[in-house]
Amino acid sequence: MNTDQAIVFAVLAITLALFIWDKLRFDVVSMLALLAVALAGLVPADQVFAGFGHPAVVTVAAVLVISQGLVNAGVVDIIARFLGKVGNHPTVQVATLTAMVAVCSAFMNNVGALALLMPVAVWMSRQSGNSPSILLMPLAFGSLLGGMTTLIGTPPNIIIASYRQGEAPFGMFDFLPVGGAVALAGVLFIALVGWRLTPRRKENGDQQELFSVGDYLAEVRLPEESKSAGGTLHDLLEKLGDDADVAVVGLIRDENRQLAPSTYRVLRGNDILLLQADTDSLQQLLDNTDLEIAEQTAEEGREDLGAGDVQVSELVIGSESSLIGRSASRLKLRERYGVNVLAVARQGHRVKKRIGAMSFNAGDILLVQGTGEAIGGFVADLNCLPLADRGLRIGNPRRSLLATGIFAAALVLIVAGVLPAAIALVAAAVAMVIVGLLTSAQAYKSIDWSIIVLLAAMIPVGGALESSGGAELIANQMLALGQGLPAAAIVAVVLVGTMLLSNVVNNAAAAILVAPIALSLAGHMELPSDPLLMAVAVGASAAFLTPIGHQSNALVMEPGGYRFGDYWRLGLPLSLLLVVVAVPMILWVWG
């Protein structure tokens, strides 16, 4: 081992440790790794940031924009609408949901496909009286299976396509023979057997009881000569500071009731405010103002807090949300978005702390009140996912056909070899903006920049592993240990190794790190590189054992009431089935 190889291995070891530690964002960790190899002189200065222009990175960004265009056009909503008619039997529900998300994930970002269908799954579970845990883990795994089937289904496929040697990169449907067989076997297994292995947990106990707000509501009245009359709600709440936890969910004036009033609504004497507050915060309000408890106490429940354009919705905090680690009072959510956070559930229980003072975590479920437009802005800006209450848009058939036509045209150009994938998909993304399927602001916002930075940073790091001879060194050690093993065993080892790595680090990073090793192995064994690259692609997308291996797994953890150890119950047999199906298919198609 020479000095360059030692440096690369040290950087990769620290990088993997930081990925697993999960205290720093993975895009930050990947940039640190890039800077480390650059400062060590392992990447030429003019190539350090070349990853940002890599076709794989550009393709991933374009796919994310196209996915948002399809969502805006209502294409996926049209597909999903019939799911409410499939009946209440768990096998049928699991089969249709898993198959649907797999099909959607083949052509759009798999996290986006999951986010669109997760509210439908929760609604179906509530309608049928089944636990959401039966549907949500199969839905997440289905999104991963579907991504294996096409070039654009998942970032690892796009990355692996660029590593192909001696020939053109893998095409749009080159992944379909192996990925399709694996996806079909996986969906059938989950639908017939796998869902029975998921834990049977009621939805965080009883969801209506979990988010019962009746005990937290009170009516207070402004006296005729109140000092607060003539001022705004904002002025009134400012008197309490950040310690109190009070949300004004309604205002009654002259028998007229307004829900979720603006914080800049001017108050008058004899106004009655409907407040959501704990006992201490309510007492603090009464002590600091001249408000008084109304003669009639509030008897409203959650269902009474939404009427007209005002609605009450449940949202899941996404893994990249800017809410994480911050509090509602610090972010001034009511003032900025016009949304009241009424309750928070974490790990299956309603959080009893004051909402204004508590820090949010990824996966927390929020009960919020506001207008549909306000909640929509809240969801979009803060990277939250609607849960169960998301209404499906009717969709404009013309817009849906236009979006589908643009996307289909790009696919035809790619398959026919007229344009490379990156150029065709960027053209489709630009076309969607030009025809008004999404605005330029929405296009930029739809791109997951953390993934873009991860890919752009790790591609040169993977190149350093290859150029330093580190990949060849690892390949030699693997050959020495597996001397005499047949090609099928080598393919299986690469697949399983990538699979295990993708369960603890980002799957795109796993593909970038293992691909150079796979190429070195192929060279030493005088095998074609395609089978081993396909093994890396399949293994990188098979993060079924932990909730941290993929965003889809993490997103369903809280709504499904899962624990960390629940994933292997379904994930382990599914992973074994994947190996059994994938290895012979890879050798048959690409061997």
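In this text, all values refer to a predicted model and were calculated from it rather than measured experimentally.

Calculation notes
- Residues numbered from 1 in each chain as written.
- Predicted model: local features only at pLDDT ≥ 70, side-chain atom pairs only at ≥ 80, totals over all residues.
- Heavy atoms only, no water.
- Patch = residues over 30% accessible without salt bridge, like charges linked within 9 Å, V, L, I, M, F, W, Y side chains within 5 Å.
- Areas by Shrake-Rupley, 256 points an atom, 1.4 Å probe, with all protein chains shown as cover.
- Salt bridge = Lys/Arg side-chain N within 4 Å of Asp/Glu carboxyl O.
- Helix = DSSP H or I, 4+ residues; strand = E, 2+ residues; numbered from the N terminus.
- Buried < 20%, exposed > 50% of the residue type's maximum accessible area, 1.4 Å probe, protein only.
- Core = buried A, V, L, I, M, F, W, Y, C linked by side-chain atoms within 4.5 Å.
- Contact = heavy atoms within 4.5 Å.

Asker: Please clarify how a nonpolar patch on the surface should be interpreted in this entry.
Answerer: A contiguous nonpolar surface patch, about 800 Å² in accessible area, is contributed by Trp21, Leu24, Val28, Leu32, Leu35, Leu39, Phe49 and Phe52. For the nonpolar patch, the element with the highest residue contribution is helix H2 (residues 26-39), accounting for four residues. Within the element layout of this structure, valine 28 appears in helix H2. Look at valine 28 and you get partly exposed, because its relative accessible area is 36%.

Asker: How do you make sense of the nonpolar core when you look at a structure like this?
Answerer: Of all hydrophobic cores here, the largest spans 151 residues; its most connected members are Leu139, Leu425, Met432, Leu495, Phe544 and Leu578. Per-element tally for this core: the top contributor is helix H22 (residues 507-525), with 13 residues. Residues contacting leucine 425, with those up to four places away along its chain left out, are Thr59, Ala62, Val63, Ile66, Ile152, Phe407, Ala410 and Ile414. Ile317, Tyr337, Val351 and Met358 belong to the second-largest nonpolar core, a separate cluster that totals 22 residues.

Asker: Even after reading the chapter, I still don't get the pattern of salt bridges, so can you show me in this structure?
Answerer: Charged atoms that come close allow side chains of opposite charge to pair. Applying the stated criterion to the full structure yields five salt bridges. For glutamate 292, the salt bridge is made with arginine 221, and the minimal N-O distance between the two is 2.1 Å. Residue glutamate 292 is found in strand S5 (residues 292-293), and its partner arginine 221 is found in strand S1 (residues 217-221); the two are separated by 71 residues along the sequence. Residue classification places glutamate 292 among the partly exposed positions, given a relative accessible area of 31%. According to the relative accessible area criterion, arginine 221 is partly exposed, its value standing at 25%. A salt bridge links arginine 253 to aspartate 271, with the nearest nitrogen and oxygen atoms 2.7 Å apart. Here aspartate 271 lies in the loop between strand S3 (256-259) and strand S4 (272-277) and arginine 253 lies in strand S2 (residues 246-253), a separation of 18 residues in the sequence. Both residues of the pair, arginine 253 and aspartate 271, belong to the buried class.

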